[in-house]
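Secondary and tertiary structure notes
Each chain, letter by letter, is given below.
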Amino acid sequence: MLNQIYEALVRFRTWVVNLFAAALIVLPELLNAPEVLAVIPPSYQKWVFVGALLLNIWMRPRPAVMKKDVQ
């Protein structure tokens, strides 16, 4: 059971990272709360966006291949 959860996280890590990055970028705008906006200072918000975009391109949103997979 734990092994299956680990495999799912490994295979879909790109999706998990992308969802986290999207939430990090979108939630402050949706919530518009000063506490949430304070998490990422305004001067760094554009760099977080660019970093998330580059990470998304670099990781390519597809299931990852594991070492044990047959080629």
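Overview of the structure. Treat the numbers as computed from the prediction; the structure is a model and nothing was measured.

Observations concerning the overall build of the protein
- Helices and strands together make up the secondary structure of the protein, namely four helices and zero strands.
- Listing every helix and strand of the protein by position from the N terminus yields α-α-α-α.
- The proportion of buried residues among the 71 residues of the protein is 18%.
- For the protein, the share of sequence-separated contacts (at least 6 apart) that also reach a separation of at least 24 residues comes to 79%.

Brief notes about a nonpolar patch on the surface
- A surface patch of nonpolar side chains, about 760 Å² in accessible area, is lined by Tyr44, Trp47, Phe49, Val50, Leu53, Leu54 and Ile57.
- Residue position: Trp47 is located in helix H4 (residues 42-59).
- The class of Trp47 is exposed, set by a relative accessible area of 55%.

What counts, and at which threshold
Residues numbered from 1 in each chain as written. Predicted model: local features only at pLDDT ≥ 70, side-chain atom pairs only at ≥ 80, totals over all residues. Heavy atoms only, no water. Helix = DSSP H or I, 4+ residues; strand = E, 2+ residues; numbered from the N terminus. Buried < 20%, exposed > 50% of the residue type's maximum accessible area, 1.4 Å probe, protein only. Contact = heavy atoms within 4.5 Å. Patch = residues over 30% accessible without salt bridge, like charges linked within 9 Å, V, L, I, M, F, W, Y side chains within 5 Å. Areas by Shrake-Rupley, 256 points an atom, 1.4 Å probe, with all protein chains shown as cover. Salt bridge = Lys/Arg side-chain N within 4 Å of Asp/Glu carboxyl O.

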